[in-house]
Every structure is written in structure tokens, then in C-alpha cells.
Amino acid sequence: MTERMISCSAAICEALTEEMARDEAIFIIGEDLVAHGGIFGQFRGLPERFPGRLIDSPISEACIVGAGLGAALTGMRPLVDMHFADFVTCAMDEIVNQTAKIRYMFGGQVKVPLVIWAPDGAGLSAAAHHSQSLESWFVHAPGLKVVVPSEPADVKGLLKAAIRDDDPVIFFQHKKLFAREGPVPEGEHIVPLGKAAVKRLGGNVTILTYGSGFYMSMEAANELAGMGIEAEVIDLRTLKPLDFGTIADSIKKTNRAVVVHEACLSGGFGAEVSARINSELFDYLDAPVLRVAAKDVPMPFSPRLENFVLPKAEDVIKAVRAVTYR
Amino acid sequence: MKSSVSTREMRRLYRTMVTIRGFETLAGELFAAGKIPGFIHLSIGQEASAAGVCSALRQDDYIATTHRGHGHVIAKGGDLKKMIAELMGRKTGYCKGKGGSMHIADFSLGILGANGVVGGGFPIIIGAGLSIKLRRTDQVAVCFFGDGASNRGTFHEAMNMASIWKLPILFVCENNCYASTTPTTYACSVNNIATRAAGYNIPGVTVDGNDLLAVREAAGKAVDRARRGEGPTLLENKTYRRRGHFEGDPQKYRTQAEVAEWEKNDPLLRFASVLKKKKLLTGEMEKEIREQVDCELKEAVAFAEQSEWPNPEEALEDMFINP
């Protein structure tokens, strides 16, 4: 079996090409899609392949999301491109009050097959308005599924699953990972929503992570191995619904957990995971659950400042050593 | 659909208005009697807008409505039993008791939902319009909203988008003189909200919103235009909200004399007198229509009152199709 290496960008494109060819109800709406194949080139080739199905929109985020929602309610299966995840703030009513709640508040009358695709994350000196990781906001809005992939194979498989799902999905794609390559199966490759993946086996500690945190965690795990600490790394992939079963199985084995994410600490998803571990797995724990996250400030511009604010592999190593008392 | 209105349709339109008035009056009474939880917003005095606009639509056309949306739902063919049951929080209601007065929808009738957020319907109707265009059908999508919503950013985003993409949308502003407690004359930069259409290069039409036939004619033209693929229209129906913003509103922002003045400009009385002049309606027919509507409403209340409350655990259902 030969492993084909492609980037996250190519994986996105491949998933969309396959899905759009399969289902005519799929279209993509957002800013700057056609001329450049998306602001990050993530949709390159699609405008030519599927004429009229990538729709350039005016800078009107509320109506971009609303257009996706209204179309989803009336027989289409849209993917909405937020341009930058930070701009969800301009469409919060449409995402949180409308998209998330419509099926529920109308008593389950209708399905909402909508994907809100949001490129997020820092590390590019893009400063405070183009660098955020806002996933925890949407975990707190019942009615949305929240996906944050890391590796290209998951990007492809989760995007295909998100598009096929009849519920609304907000899909965060880290900008710095667009070029990141990895093995990706060709053709039909679906990663079901709500399933975490154990990506590194280890018996001493469980590292729970997602998105860019995954790479940080793997780097840390490899270094930790040199110190005789074997970390089990779980890529959560979907934050809602959360695969707590996989988390629990691992912690019952390792008795220690560290949660790693790029989003800032307070009110981050790590707080939720930590709280659930404490309430459901307390008797299995040999140490408090620790969190590794960005510092609680808006993302600064200068590389030296940004680097200081963002979590790093060395922070993960420090946290793991603390919970393993090594 | 032609803009001209047949005799039969005239009577049907009158009946629709009587039904809306009856429903709203009844809802007010049920609320006062403590039978409707939460709070409700009534459209008494604005019936001509709902009836006139919806009469220009087909069943497969879409509407998005507002917190003051009972009339639109009725005019689009909504089921009175399911509406009252929903208002009373019962399991048999349109939304199984999960929505209430501000969140009624019936997707089988193209009713994409009332909305608790002022201006929340604009982005959704853009999606419906875009979907119509992509699916290449000749449906039309209507967004009802108030004068207050015309100051939301979503209004301006939607007007622009509908214009550049020539979407088959009719924006219907029900200018009822107040956004909650705030007079339109204070909060809007223009006297006629329809003049805002000029900024988006689409037709803007202001009509007497208490004149049913004027509303019907203007809506009919705009709907025909949208169906022909010629793009959106902004229609402003000038009317008046005779009840408070919500039931129980102390209404310190206006005088009773002002309300009384508008009561003389009642859309039902005006249309009845038009029909009588044309000899399409007699006192006896009027009485018969009222009795029939009363009877339907009584049945709806009985249905709701005899309906079960939802089981508490049902609060956990209906969020996801694939949980």
C-alpha cells in the first residue's frame, strides 16, 4: 500500500471536488472565491470545474451565513466560507441564534445541512483580528457540531462527513496547517463526526488535543519518550459531539491527562474536558488535569510577542512532567 | 398570478382578515387569562398587510416572518389548531411546544419561521432566494419586517445582495409607526422606508398598508416581477400597531387619542365597506363569516386545551438529526 502525501489544502480541494461531483445541491458561498480559488487558494480549480457553484459574495458576513442557512432550509447543501474565523463575530446572530436553533425551536420540522468553514489560528503575525481560535464559543451553542481537524487525512474525511451530515457543522481549519502534508487516502474516505483518534499509544499520560495542538503534542510526546515518558496522544477531531468514551478508556489506563489547545486558556475547550474528566473519572486520576493553552491576551502582532503568547511543545512537556511527577 | 382580484377571492381575503383579527383578539384574551406563557406580540390593525401580500403568493413560495407573525402564518395557510396549541406550549403545537408565539414555522407551507431577532429574517430570505435561483424554479421569497428592522445591518446587506444577484425576493416593510417604544420618526433617517430602495437600485413602493386592495396590487406586481426573474422589490405598507409592542406594554410612548384615531382607519372596516359598495358583502354574509371564524377558533382552543403537555424529557429531542 503506497501512501500518497498531500497537503491540507489539497485535501480540502479533493473532498470538495468529490462531494460536489456527487451532489449537485452543494455550493460554496463566501468572499473572494472565484478569481483566486479562495483567499488561501484552498478552492483552486473548483470554480472552473463547477461553474456557478462557487459564489463570490459582497462583504456581508451576516447574509453570507444567512444565505447558507436559507438555502439549506430550502433544499440545498451549502458550504459557507467565513474568510477568516475571526469574522464569525459579524455573523453571530446567524450562526448562534438562527442556524444552531432552527431545527430545535421549530420542533424538528426541518434539517439544516450547512457547513460553516472557518480558517482560524495564529502563528502568521496576522495580529488580533486574524488569528483567533474561537471553537469553544460554538461548543457553548447547542445545535452546532464543532470540528477541528489536524492532519490532512482527517481534513478530507471530516469535511466529507460534515458536508453529508444533515445537521449544521462549524469546521475550523488552521491557516498555518494549509501547507502541512500527510498521507491521505484517495477516493471515498470518510471520518465520522464525533470520533476521536488515538494517534500515539502510551501508558504514562494522556494528551488530549486537536487542530494545531496535535502537532505540538506529537513533538512533545517524541521528546518525552527520550525521558522515558510514553504519552498517549488523542486527537479529538470533533469537539461536539465529543467522543468521551475514547478519552475515558485512555485515562483509565494512564491515570493522568493534559489538555492542549492553541485557543486561550480561560473558558477554552480544555476547561470543559477537564471538568468532565474530574466529574466522571476522578477515581482514576493520580494527578490534577492540566491545561496547555495560549495566554489570555488578544493575539499580538510582533513575532516575538506572538510566539510568547502561543503555547509550545515545551509547555506540553512541562505539563506532562508535572502530572507524572518527573 | 394576475394582480386583478376575483369576487371569490375578495371574499376570501376578507375572511382571512377576520380570521387574523379573531385569532389575535383571542390570543390576547388567552394571554390575559394566564393560558399563554411568556409574552406575545399582536398584529391587530395590520391585517391588510399579511392578507394582501400572502394572497399574491403560491403555496410553494416562501415567507420569513417576525415576532409579530401570527397574521402572516394565518394568511399563508397556517393551521389554527397547531398555532394555538403552540402558543399554549402543548405537544400538538407546530413546534411541539419548543418555539411558542415567536417561533412558529410550517415548512410544508413555505413558512420559514417567525423570528425572535428583529431583522433576523433578511439573511435567511437571501438564502431562500439564492436557492430558488440555483434550483431554477419560479418560486418567490417574501421577507416581512418592521420599520425597526430597517435599521439593522442585515437589512442593508440583504437589499444589496438581492439587488446584485436579482433574487426573486419581496421585502415587505410593515411600518407600524413604532419599534417597540421608539417612534419611526425618531429612529429612521427617511420618512418613507421604501425610499431606501434607491440606494440599492431596486424599486421601492410605499402604499397605504390599511388598504387591502392597494397592498394586494403592489404585492402582486412585485411578485410577478420577481417570478419573471427581474429581481427584488421593497414594499412599504404604512400601518399602525394598535396594541402594545407586547401584551401588557404600558405604552407610555403614545396617547390613547392617537390609538383611537387609527382605530377609525381600521383595515377590516375599510375593506368591508369597499365590498359592500361593490355589493359583494351583505350584513348577513359578514355575520356568517364572523360566526364561522369564531367557531374555527373555538375548536382550535378546545384542541389546544385538550392536548397533552410535552413530557419534560422531550426538551432533549429534536436538536440533531444524527446526534
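Residues numbered from 1 in each chain as written. Chains lettered and ligands numbered in written order. Predicted model: local features only at pLDDT ≥ 70, side-chain atom pairs only at ≥ 80, totals over all residues. Heavy atoms only, no water.

1. Some points on the interface of chain B and chain A
Move 1: Facing the 41 residues of chain B at the interface are 42 residues of chain A.
Move 2: Summing the contributions of chain B and of chain A, the shared interface buries around 3,300 Å²; its carbon and sulfur component is 68%.
Move 3: Taken as a group, B:Phe107, B:Phe320 and B:Ile321 account for 19% of the area that chain B buries against chain A, more than any other trio of residues on that side.
Move 4: Inspection of the chain B/chain A interface yields zero salt bridges.
Move 5: Taken together, the connections running from chain B to chain A amount to 16 residue pairs in polar contact (both at pLDDT 80 or more).
Move 6: For the side of chain B that touches chain A, the secondary structure elements donating two or more residues are α5 (121-135) and α6 (153-164) of chain B.
Move 7: Here the residues of the side of chain B that touches chain A are counted per class, giving 24 nonpolar, 10 polar and seven charged. (Contact = heavy atoms within 4.5 Å. Buried area = accessible area lost by both parts, 1.4 Å probe. Salt bridge = Lys/Arg side-chain N within 4 Å of Asp/Glu carboxyl O. Polar contact = N/O pair within 3.5 Å; in protein donor to acceptor, adjacent residues only side chain to side chain. Helix = DSSP H or I, 4+ residues; strand = E, 2+ residues; numbered from the N terminus. Nonpolar A, V, L, I, M, F, W, Y, C, P; charged D, E, K, R; others polar.)

2. Brief notes about the environment of B:Val172
All names here are of chain B.
Move 1: Turning to its location among the elements, Val172 is positioned in strand β3 (residues 169-175).
Move 2: The sequence separation of Val172 and Cys188 amounts to 16 residues, and the corresponding C-alpha distance is 16 Å.
Move 3: In this view, Val172 contacts Ser49, Val53, Val142, Cys143, Phe144, Phe145, Leu235 and Asn237; residues no more than four positions away in its chain are not counted.

3. Examining the sheet that holds strand β1 (residues 62-64) of chain B
All names here are of chain B.
Move 1: In spatial order, the strands read β1-β2-β3-β7-β6; together these five strands make up an open sheet with parallel pairing. The open sheet has two edge strands with one neighbour each: β1 and β6 (204-208). Each strand axis lies, on average, 20° off the axis of its neighbour in the sheet, ignoring direction.
Move 2: Against the sheet, helix α8 (residues 212-227) makes contact with β3, β6 and β7 (233-238), and its axis sits at roughly 160° relative to β6, the strand it touches most. (Pairing = 2+ DSSP bridges. Axes fitted to C-alpha atoms, helices over the stretch in contact; angles between N-to-C directions.)

4. As for the packing of aromatic side chains
Residue and element names in this part refer to chain A.
Move 1: All chains considered together, the criterion is met by 18 aromatic pairs over all chains.
Move 2: Centroid distance Phe84 to Phe87: 5.5 Å. Interplanar angle 55°. Geometry classified as tilted. As far as the burial class goes, Phe84 and Phe87 line up, both buried.
Move 3: Arranged with centres 6.2 Å apart and planes meeting at 35°, the rings of Trp117 and Phe178 form a pair that is tilted. (Phe/Tyr/Trp six-rings, centres within 6.5 Å; stacked < 30°, edge-to-face > 60°. Buried < 20%, exposed > 50% of the residue type's maximum accessible area, 1.4 Å probe, protein only.)

5. A look at the nonpolar core
Move 1: Within the largest apolar cluster, 149 residues are counted, with the highest numbers of intra-cluster contacts made by A:Phe138, A:Leu208, A:Leu236, A:Ile277 and B:Phe171.
Move 2: Considering every element that reaches this core, the biggest residue donor is helix α1 (residues 7-32) of chain B, with 10 residues.
Move 3: Split by domain, the residues of this core number at least three in each of domain 1 (5-183) and domain 2 (197-323) of chain A.
Move 4: In contact with A:Leu208, not counting residues within four places along its chain, are A:Ile234, A:Leu236, A:Ile247, A:Ile251, A:Ala257, A:Val258, A:Val259, A:Val260, A:Val273 and A:Ile277.
Move 5: With 54 residues, the next largest nonpolar core counts A:Ile26, A:Ile28, A:Leu54 and A:Leu158 among its residues. (Core = buried A, V, L, I, M, F, W, Y, C linked by side-chain atoms within 4.5 Å. Domains from an automatic or database assignment.)

6. As for helix α4 (residues 80-87) of chain B
All names here are of chain B.
Move 1: A large share of α4 lies buried, amounting to six of its eight residues.
Move 2: Burial in α4 covers these residues: Leu80, Met83, Ile84, Ala85, Glu86 and Leu87.
Move 3: Looking at the buried side of α4, the elements it contacts are α1, α3 (70-75) and α11 (283-306).
Move 4: At the C-terminal side of α4, Gly89 shows a positive phi close to 75°.

7. Let's talk about the side chain of B:Asn237
Move 1: Within the fold, B:Asn237 resides in strand β7.
Move 2: A relative accessible area of 0% places B:Asn237 in the buried class.

8. Observations regarding the domain arrangement of chain A
Interface size is commonly expressed as the accessible area that is lost once the parts come together.
Residue and element names in this part refer to chain A.
Move 1: Domain parsing of chain A yields domain 1 (5-183) and domain 2 (197-323).
Move 2: Taking only C-alpha atoms into account, the centre of domain 1 sits 26 Å from that of domain 2.
Move 3: Facing 29 residues of domain 1, the contacting portion of domain 2 comprises 25 residues.
Move 4: Summed over both sides, the interface of domain 1 with domain 2 buries roughly 2,100 Å², with 56% coming from carbon and sulfur.
Move 5: Broken down residue by residue, the surface that domain 1 buries against domain 2 is led by Ser125, Val139 and Val148, which jointly contribute 23%.
Move 6: Across the salt bridge formed by Arg237 and Asp154, the nearest N and O atoms sit 2.9 Å from each other.

9. Some points on the packing of α1(B) against α11(B)
Residue and element names in this part refer to chain B.
Move 1: One can describe the packing of α1 onto α11 by two numbers: an axis separation of 9 Å at closest approach and a directional angle of 45°. The angle between α1 and α11 falls in the class oblique. Relative to α11, the crossing made by α1 is right-handed. Of α11, the residues touching α1 (which contributes Arg11, Tyr14, Arg15, Val18, Thr19, Gly22, Phe23, Leu26 and Leu30) are Met285, Glu286, Ile289, Arg290, Gln292, Val293, Glu296, Leu297 and Val301.
Move 2: Grouping the amino acids of the contact of α1 with α11 by side-chain chemistry returns 10 nonpolar, three polar and five charged. (Parallel < 35°, antiparallel > 145°, perpendicular 65-115°, else oblique. Left-handed = near helix turned anticlockwise from the far one by under 90°.)

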